[in-house]
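Chain residues, written in single-letter form:
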Amino acid sequence: MSFLEIAVNISIIMIGLSLILIFIRLAIGPTIEDRIVALDLLAANAIGFVAVYAIQNKTTTFLDVGIIVALLAFLGTVAFAYYLERRTRK
Amino acid sequence: MNLIIVLPIIVPLLFAVIMLFFWKNIKAHKILNVIASICSLAVAIILISNVNTLGILALQVGSWQAPFGISIVADLLTSIMVLITSVIGLATAIYSLGSMDEQREKFFYYPLLQFLLMGINGAFLTGDIFNLYVWFEVMLISSFVLLALGGKREQLEGAIKYVTLNLLSSAIFLAAVGILYGIVGTLNMADVARKIPFVEEKELVTVVSFLFMVAFGIKAAVFPLFFWLPASYHTPPIAVSAIFAGLLTKVGVYALIRVFTLIFIQDTNFTHTVLLVIAGFTMLTGVLGAASQNDMRKILSFHIISQIGYMIMGLALFSPLAIAGAIFYIIHHIIVKTNLFLVSGVVDKMKGSFNLKKIGGLYRYYPLLGLLFLIPALSLAGIPPLSGFWAKFVVIKAGLEIDQALIVIVALVVGILTLFSMTKIWNEAFWKDDPKGNENKIIDSFSAIKLSKKVLMFSPIIILALITIIIGFNAEPFFNFANNAASQLLNPSEYISKVLGL
Amino acid sequence: MFSIILSTASRYLLPLMLIFSFFLFLRGHNEPGGGFVGGLVAAAAYALYLIANGIEEAKLLLRAEPIKLIALGLFFAIVSTFLSLMTGQDFMTGIWAKNEFPVIGKVGTPLLFDLGVYFLVLGIVLKIIFSLAEEDNK
Amino acid sequence: MLNLIIIGFFASAFAPLIYKRTKKYFGWIAASFPLYMFISFILKYNEIASGKIIKEAISWIPSLGINFSFLLDGLSLTFVLIITLIGTAVFLYAGSYMKNYEHTGRFYLYIGVFMTSMIGLVLSDNMITLFVFWELTSISSYLLIGFNHHKESSRKSALQALLVTGGGGLALMAGLILLAQVSGSFEISALYDIHDKIVSSKLYPAVVILILLGAFTKSAQFPFHFWLPNAMEAPTPVSAYLHSATMVKAGIYLIARFNHAIGGTVIWQDTILIAGTITMFIAALLAFNQTDLKKLLAYSTLSVLGTLTMLLGIGSNLAIKAFFIFLVAHSLYKGTLFLVAGIFDHKTGTRNVSMLGGLKKLLPVTMTAALLASFSMMGIIPLVGFIGKETVYSSILEVENFRFLLLALAVISNAFVVMVTILVGIKPFFGKLLPTLKPPQEAPVKMLIGPILLAVFGLLTGLFPNVFIQKLLDRSTISILAEELGITVKLWHGFNYVLLLSFVTLLLGIGLYYFRKQILQILENLSLSNYLKPSFWYERILNGTLSFASLQTKILQNGYLRYYIIFIIITTLGLTGYTLFKISGIGSLDITTDLTIYELIIGIIIIASTFLVITSVSRLKAIVAIGVVGFCIGIIFILYSAPDLALTTFAIETLTVILFVLVLYRLPKYLQFSNPGSKIRDAIIAASVGIFMTMIVLLVTAGEMQSELKKYFAEASLAEGKGRNIVNVILVDFRAIDTLGEITVLAVAAIGVYALLKLRLKEGDK
Amino acid sequence: MTFLLAILVGVLYSAGIYMILRRSLVKVIIGLIFLGYAANLLIFAIGRITKGIPAFIPADSEKLVEPFADPLPQALILTAIVIGFGVQAFAIVLFKRAYQTVGTDDLDEMKSTDELKEDKQ
Amino acid sequence: MKNQFLLNILLAIAWMLLTGELTVENFIEGLIIGYLILWISKSALGGTKYFKKIPKAIGFFFYFIKELIVANLKVAFDIVTPKDYMQPGIIAVPLDAETDMEITLLANLITLTPGSLSLDVSRDKKTLYVHSLYIEDADELRKIIKQGLERKLLEVLR
Amino acid sequence: MMEVISGIIILLGSFFILVSAIGLIRMPDLFTRMSATTKASTLGVGLVLLGTALFWQDIGISARAIIIVSFIFLTAPVAAHIIGRAAYFDKVPLWDKTKVDELKGRYDEKSHELKSKED
Ligand code: NA
Ligand code: NA
């Protein structure tokens, strides 16, 4: 196993661990904003994961997915914030 | 060139799209809708005559050899269904001109009708099981919108059940398609039929067949899956009810017939017996449901269920005569049930209600309407020599021929209860005096309607009634057609070879 | 929702997202993407713009009525199915231009079909979102 | 014959139109139509009398073996002549009687259709053609009984008659189909040669029962007798015509017609005999406490119908002879009496016998007809009724088993009939003139011709039976028994046992008449009436059915969406589960797995967030958690080589969130409605579905799948589809029509959303 | 791998069914969304999965050689997802309208179209 | 006009980057597509100024990267070590930046620098509210932001 | 050689990603969590993508990496801004050890308009 492969495997484990941690925050909240932040972060991590996974499998096709994720996660967050703001405006 | 086969799908789509371009011009919508319906009818007639002379037609969309692309196939059953669909489409188109409110017309009523017809025709014509799912969805979403269009409370409540249960059905259907692909590795129904006998796990195939049975059974509104129908069919405007009543459940029946004559014929002892049980309970629960109602449209809605039972019975008996009977039944029922709903719409326009307790006295002043109700009503009840009699007759004959006495008894009992329901409507709405007593006032609200609109409402009713009578008196060609269609279904080899080009 | 930051960002993100959406569409035949995802991304761009700047500005930006986009999309799809008939081939058979273009690769009726998908998806998402936003403003 | 029938229907169809223009003379015009029919058929008399059988056939639905085939023999000619003769009388009579009714045109339409159908029925040689006409008579009867449809009793009675005869009709249909199945043909005349084959078939008992069900309901045999008295709600011409002379005899005709082909067995004869005898007796008893003229006549008709059936049940040569004579006699005298009752009704305003009396001077012509008919009905010489009763008694005397029981029942029943006759046909004319609603006056000519014609016919037939009925009798009995009887009809057989019986009957009847009040008291004390009350059982069954219908509908169509769903799920699981557990491989599924850590993590997150969604008490939290699920599914798609799917999933996921957010704004608080019990129930159901699906996946993927498609796509995608992204090439080329449907769904959904949000009709709007 | 997917399919189906059996409209919608996920994953799993080799023909070659992921189930799922989205979008708005009109999202309050009018024959 | 043209060129370059084909044809294709998109986005973009000072921009870029990494390490250290060194709070920073573009960029850059987060800009565009993890002295922090990021950014932009 | 560099960078990126995740768990209130994490992950993802670009050494891949990174850099702060702002409206509690809150009272409750100074 080359250094790169080892690095990639370790990376995947680290990202996986962060996914779990983020998910825990998402689950426990306590505020809805916390959950949204967690979701946003989850998306960012997914991009990292995709990049590493692309190296592991030697295919580049997945990289484009990262762009979409970045783009759409942002939109989702904005939408949630939009909702929260409307909710709090009397 | 078999272009004609796809036209029943493309023509409604094309017209719907044109209407969307002129989305604010209702007048154009009305005209285009009628033209579209006439074109569809013409296409359907050409299609059926082609199929009749040339046999089963198949078109490989995009020139991709089956089973790699999607095949569009028209056998006799398909072309019959397409033809009736176009007849009902035209009838509804004309009736809508006379009865639909401007509000709904502004909100895409006519394009939605065409989309609905597109979906229905697609479901009939496709030779691909996944593509069937797609057309079902086109049909469903169009029907969802048509059902809820207007947004009245009862419409919304009805639509919730209709939508949820139909989505459940779609989910089951989709799962079934996926599993089927996982087993045989192909989606083309002819190809599936060819490969199914070689599947090692026969039980797995049976399991899938039941998933299809449930999925299509929900759409066909059989027992105990029919609940969405009585909950919703009486809520939209009558033209919508009418086209739903005539066509939608029949697409489910069609699909059941298709897969249970083409694909799942390995374990008929089990599957078709189950169908037979379902058929019996469907007939019974449907007719009892009708007997308990006092709303004209609800009675008619429950009768759809009950009548579906007869069609399923034909399929379940699985003899040439029985299948022919089922097909004949479908033809008859679509015409008659649509017509009854249309008549009920006129009743509502005259009396302001569908509730039998609140209306009456129609026969006194509108004998013609009485006649126009009696023809489809008695036909539905199976009174000879109207179309419904032959339908019932053939199915019962088929049942007796293969010693299925129990189901025949059920069919007969249901027959008499159907008669009861129809005479109940007749007694209450037509014979009984108007309980409100204020005949004249009510008459005025109908007479306020423009004559041209009245003509537009009555002409489809009259035409459909004539068709019922013609089928009744001249049943032979129709029965022959049904017979030939049935023999095509029971000998799938022609279908398979035509589709796969073997 | 008024935010200078979001509003400004959305103005610059819009063209970027649109170009990306078109990119996704064009090369969908060879790489991940296609008319559907392309249309969605384009719609997302407008949705973002809507949230940041309000429905009125969004409508001003779009100019076309979404229904027409839907109709246009379906129209392209239908046209693409019929072009083959003119060359005497069967319904919906793909017809391809001889020359290749950069990125796009070969141009043919399936691409036109996919373009129809693109417009339609853009149209329907906008129709839905605009309707909801207008409802929300009431 | 077919042309006559077609003419009949057309003429009927135009009746309302013609009536509008010729109201005054319409009775004459109308009567000319049955008369024309009568003449057309009487012209065939000699031919038939000479033993010829006229057949006519046009194919109708050849592939089902159904033809318009007609057969004119003695039996059918007798019936046709009765139908048209009485039809002539009734049509003419109605011209006057129906004058003050609304919609007389419709009346003629119905009755014309009825007559034509009735003719068609008795002429049909094809079982199904026969059945078609059979049902048409039921329908026209329904419309006629309910003619005064503003009255609830009329509507009810019409419905009752229709349901009973219609129900029997369906049984008949099944019987006929079975019979055709045994015999291989729907042609009745084709049955005669294969009597033994039919009788020995295992389906034979079913055939008999079903056909007799049809016959008994139509002819109001016990226990289906109750509809007939109620049918008296119809205008009197209808009662006279349908419910006495013709339609109710259709069932008897049917038995007679099929007797040759499927009769002669114990089950056939005994069933008929028993049903007929009971009907005869019970109807007579039930007549006793009636006061309404028409009801009285109706019960006596019932009794006669019973007698006729009984005679067919006896089935001896003499019985058939008696059957025939009695049939003719009854049609003539009962027709007359009904018309007379109608005259009373019309001219005095009442049908209550106790309010009629002393009319002889005022209605002399009516009285002549009434007396002639009454004497015939009482069996007094020299009327045809006398011959009828004589032959009935003599045929009973020939019976071997239960002879005296039958005899006693027949005598008692006939005595009751005599009593009824006195009440209806004699009493109103004699005694004190009782005050009536209208000043009584003689009926107009149009109303008198009918009853006089029929009464005189009864007299002539009695006097000259060999002229009028001998030949028809011969030919008819051949049709029924397939053999020549060789019995001549005579008025006078000398003084014998039978004559004595007739005399006893008459005396008994007169006695009953005089002591009827006392006897009524006794009968009431016995309180049989509840169970024998005509529609007691009918009501019970109908109401029972309706309550059951309501109950089952309330249970099934209960309005709770979740129960609907549970029904569907349990059905699905029930149907599939049974088969699934039969699969052999189920025990040996390979669940070893080579999971990587990140697959495991994704899986855990999906499951955990699913639980979050389910248990969440906050809507927004649920939506965020759904987002996670969707997101992780997207990642699964990446892991397993589906980038396009991942793209689409992410995009759709985001859009759904936006949608939710825009919608949520106005959505309700996330409420908890369900109780713990239903949660557990639902959890069990849900888990079963989950387990089922998991097993399916494992079972299916345990097998190999050979997909030619996959290979083909890999080769053709670039070469012919010009694209390297095979998924996309499938979407826009190989399976582009799927995509076409898919985008249509989207278009419609968008329109739907728009319309839902913008179009809000108010409850009042149509 | 398939085992994990099979479990996930089961979990998602269970969740979907459980949710559509709730009385609250919003939960029913969520249930429908879950059923959509479940069906997609089911097709995906049952069409046999392949790791890390998407169905793309490499730039330097004319056709794809095994092993590679079966593109057909993917195309089917894509179509199903899109259709599901359209239908769900409509359903969500429909449910919202129903809530607005009826005034609650309790399904037990939405039975009027099924109710049997109690008046006697 | 000039800015639009510049933006068009920029979009064309973005296109080449996206597609990964550095050819003349592709550049022209990018120009055409870019033009179309600009036309579509017409009302979104008013007249704005663009990237005139490329070298300064590059310098700023490296300054920013440095800040980013240093700050990141600081925060990372705080996170992974058990003890909290934080003194969080929200401060109001008066703005010299005027245009929407300037304010947005500044706010974003502040956010990107770990430990600080732009919460909002006042409606009159004069004050930026920033949440920071390390506020020993609010005024000191305000100064750092103004002298550091804001000044350097405005130098690039103006 | 390039592989090793790329590996190291990827490891570093993953490390930052993990740190940000830990921060998300550890930080005391929403604002501190956001402050700490959003950027940490931005850098983390950026590094991972840089490593990826180095690994492939392909213009197309590098371009994509650049696009993703710039997009994240462009959007992440905006996202943080609007969530933070929404949270403030939503009265998400600040950590009790928060030193100053100069935003307090500057928002108009009704219109959500933000003022420069206290009135
Ligand atoms: Na694609
Ligand atoms: Na696509």
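Residues numbered from 1 in each chain as written. Chains lettered and ligands numbered in written order. Predicted model: local features only at pLDDT ≥ 70, side-chain atom pairs only at ≥ 80, totals over all residues. Heavy atoms only, no water.

Enquirer: Explain the environment of G:Pro28 to me, using residue names and the numbers behind them.
Expert: Among the structural elements, G:Pro28 can be located in the loop between helix H1 (2–26) and helix H2 (30–56). Given the relative accessible area of 27%, G:Pro28 is considered partly exposed. Setting aside its immediate chain neighbours within four residues, G:Pro28 contacts F:Met86, G:Arg33 and G:Trp95. (Helix = DSSP H or I, 4+ residues; strand = E, 2+ residues; numbered from the N terminus. Buried < 20%, exposed > 50% of the residue type's maximum accessible area, 1.4 Å probe, protein only. Contact = heavy atoms within 4.5 Å.)

Enquirer: Requested: an account of helix H3 (residues 71–102) of chain E, with residues and values cited.
Expert: Residue and element names in this part refer to chain E. Given a rise of 1.5 Å per residue, 32 residues ought to cover 46 Å, and the 45 Å separating the end C-alpha atoms of H3 matches this to within 8%. Counting buried residues along H3, 30 of its 32 residues qualify, which places the element largely inside the surrounding structure. Capping of H3 at its N-terminal end is provided by Asp70; its side-chain oxygen lies 3.0 Å from the backbone amide nitrogen of Leu72. Positive backbone phi, approximately 95°, marks Gly103, located one or two places after H3. (Expected span 1.5 Å × (residues − 1). Polar contact = N/O pair within 3.5 Å; in protein donor to acceptor, adjacent residues only side chain to side chain.)

Enquirer: Provide a residue-level description of the sheet that holds strand E2 (residues 116–121) of chain F, including the pertinent values.
Expert: Overall, antiparallel pairing links the three strands, which are arranged E1-E3-E2 (chain F) in an open sheet. Each edge of the open sheet carries a strand with a single partner, namely strand E1 (89–94) and E2 of chain F. Here the average twist between neighbouring strands, direction ignored, is 30°. On top of the sheet, helix H3 (residues 59–89) of chain G reaches E1 and E2 of chain F; it is set at about 70° to E2(F), its chief contact. (Pairing = 2+ DSSP bridges. Axes fitted to C-alpha atoms, helices over the stretch in contact; angles between N-to-C directions.)

Enquirer: Residues and numbers for the interface of chain D and chain B, please.
Expert: In this assembly, 102 residues from chain D lie in contact with 116 residues from chain B. Taken together, the two surfaces of chain D and chain B that pack against each other cover about 9,700 Å², and 75% of this comes from carbon and sulfur. Among the residues chain D hides against chain B, the three largest losses belong to D:Ile568, D:Ile737 and D:Leu759. Together they make up 7% of the total. At the boundary of chain D with chain B, the tally comes to four salt bridges. Of the charged contacts in the structure, one is a salt bridge between B:Asp128 and D:Arg735, with a shortest N-O distance of 2.7 Å. At the boundary of chain D with chain B, the tally comes to 21 residue pairs in polar contact (both at pLDDT 80 or more). Looking at which element gives the most residues to the side of chain D that touches chain B, the answer is helix H33 (residues 736–758) of chain D, with 15 residues. When grouped by side-chain class, the residues that make up the side of chain D that touches chain B number 58 nonpolar, 26 polar and 18 charged. (Buried area = accessible area lost by both parts, 1.4 Å probe. Salt bridge = Lys/Arg side-chain N within 4 Å of Asp/Glu carboxyl O. Nonpolar A, V, L, I, M, F, W, Y, C, P; charged D, E, K, R; others polar.)

The quantities given are spatial measurements derived from coordinates; they are silent on function.
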